[in-house]
Amino acid sequence: MSKTTFPTLGRSTNMTALGRSKNMTALGRRATLKSLALAGAALAVLMAVTPSAKADTLADVKAAGVLKTGTEMQFPPFDMIEGGEYIGLNRDLIDEVGKEMGLKVEYQDLPWTSVLPGLEAGKFDLVIAPVTITKERMERYGFTVPIANATAALMKRTGDDSIMKPEDIVGKTVGGGKGTSQLAQVKEYAETLGGDVSFNEYVDSNQSYADLAAGRVDASVNSLPNLSYAASQRPETFTVVLPPFGKPTYFSWVTRKGEGDESLREAVNAALVAISADGRMAKIQEKWLGQSIDLPSEVPAPSF
């Protein structure tokens with residue numbers, strides 16, 4: 001019986017076909033990858049020309065039911081800690097705003113120099129530390145309607161007759177909060193006086209007041225409401241120097257300036273206007289400032 005021999009040609013033909021099959025599979029994969037790449041590129045182009053859905057901070061806040069705020073709790077009478085409790089004009093006012101908006105309010109305490117960077121970093125959605133309205137800041141942040149007067153003034157030790165008016169700080173040392181507009185204003189004011197004025201900068205205003213009381217500085221700079229409150233608490237130690245040297249200006253709260261933050265700012269403004277209209281604002285001012293003052297119902301143009 002003859003032995004059947006399978007021709008090598010057939011085996012060779014089968015392997016060739018298999019190779020072709022593998023090549024076709026590889027080509028198919030490359031074609032698929034190419035198609036995916038083209039689709040990805042098209043999607044990127046589409047995303048570049050099609051506006052994405054805008055974030056809405058107010059919607060996020062309402063969904064969470066919480067308004068996250070940041071401030072420096074060493075700025076009496078606006079923000080301070082007494083007996084371990086956060087109190088002050090801002091605490092009372094933001095709690096009323098929370099009621100108007102139907103939201104729980106959370107508070108974060110930070111050094112002043114970290115408050116605005118914390119807002120930009122998204123640690124909270126509203127700065128309730130009083131922020132002076134300035135041209136430079138308005139380019140970067142969104143301001144609410146004013147919550148208080150912010151005109152800069154000076155405070156001296158009671159009985160110091162060498163400082164009777166603002167221009168008497170020539171040859172003296174003035175203390176102020178680092179990074180505050182009040183310190184910047186007094187430095188600018190000093191340049192107009194034709195004499196040398198020295199400055200000490202502090203993490204918070206209380207440190208400046210302590211050095212004033214101890215005689216390490218001759219005057220402290222801050223907003224008139226802040227100084228008036230400090231002097232009313234310790235009249236035997238502090239006296240406000242009148243008139244204020246600063247240009248008339250206001251304190252406001254701030255949000256980020258993105259389009260998605262506009263709705264939150266408008267809602268806070270509406271709450272502040274309502275609180276002012278029904279007399280709650282006046283009661284809070286009288287409690288912490290000793291008097292009530294009329295405030296603009298719109299964001300005023302900055303004076304400097």
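Reading guide: rules and limits
- Residues numbered from 1 in each chain as written.
- Predicted model: local features only at pLDDT ≥ 70, side-chain atom pairs only at ≥ 80, totals over all residues.
- Heavy atoms only, no water.
- Helix = DSSP H or I, 4+ residues; strand = E, 2+ residues; numbered from the N terminus.
- Buried < 20%, exposed > 50% of the residue type's maximum accessible area, 1.4 Å probe, protein only.
- Contact = heavy atoms within 4.5 Å.
- Areas by Shrake-Rupley, 256 points an atom, 1.4 Å probe, with all protein chains shown as cover.
- Pairing = 2+ DSSP bridges.
- pLDDT = per-residue confidence, 0-100.
- Axes fitted to C-alpha atoms, helices over the stretch in contact; angles between N-to-C directions.
- Parallel < 35°, antiparallel > 145°, perpendicular 65-115°, else oblique.
- Left-handed = near helix turned anticlockwise from the far one by under 90°.
- Nonpolar A, V, L, I, M, F, W, Y, C, P; charged D, E, K, R; others polar.

Per the secondary structure count, the protein includes ten helices and 14 strands. For the protein, the residues scored as buried account for 43% of the 304 residues in total. Considering only intrachain contacts with a sequence separation of at least 6, the fraction spanning at least 24 residues in the protein is 77%. Total accessible area computed for the protein in this model is approximately 16300 Å², and 54% of it derives from carbon and sulfur atoms.

As a further point, take the pairing of strand S6 (residues 126-132). With seven of seven residues buried, S6 lies mostly within the body of the structure. Here S6 shows two buried faces, one formed by Leu 126, Ile 128, Pro 130 and Thr 132 and the other by Val 127, Ala 129 and Val 131. Alignment of strand S1 (residues 66-71) against S6, held across two bridges, turns out to be parallel. Within S6, the residue paired with Thr 69 across the bridge is Leu 126. As paired elements, S6 and strand S14 (residues 250-256) share three bridges and run antiparallel to each other. Note that in S14 the partner of Val 127 across the bridge is Val 254.

Turning our attention to the confidence of the model for the protein. Here the protein averages 86 in pLDDT, and 82% of its residues register 70 or above. In this model, residues 1-53 is a region of pLDDT below 50 whose contacts with residues beyond four sequence positions or in other chains number zero contacts.

Glancing now at the environment of Ser 208. The topology assignment puts Ser 208 in helix H7 (residues 205-214). Judged by relative accessible area, Ser 208 falls into the buried class, the value being 1%. Here the alpha-carbon distance between Ser 208 and Gly 177, two residues 31 residues apart in the chain, equals 7.3 Å. Apart from the residues lying within four places of it in its own chain, the contact partners of Ser 208 are Gly 175, Gly 176, Tyr 202, Val 217 and Ser 220.

How two helices pack is summed up by the angle between their axes together with the distance between the axes. The contact between helix H3 (residues 89-101) and helix H10 (residues 280-289) brings their axes to 9 Å, and the two run at 165°. In this view, H3 runs roughly antiparallel relative to H10, as classed from their interaxial angle. Crossing angle aside, the handedness with which H3 passes H10 is right-handed. Of the residues in H10, those touching H3 at Leu 89, Asp 92, Leu 93, Glu 96 and Glu 100 are Arg 280, Met 281, Ile 284, Gln 285, Lys 287, Trp 288 and Leu 289. Looking at the contact of H3 with H10, its residues break down into six nonpolar, one polar and five charged.

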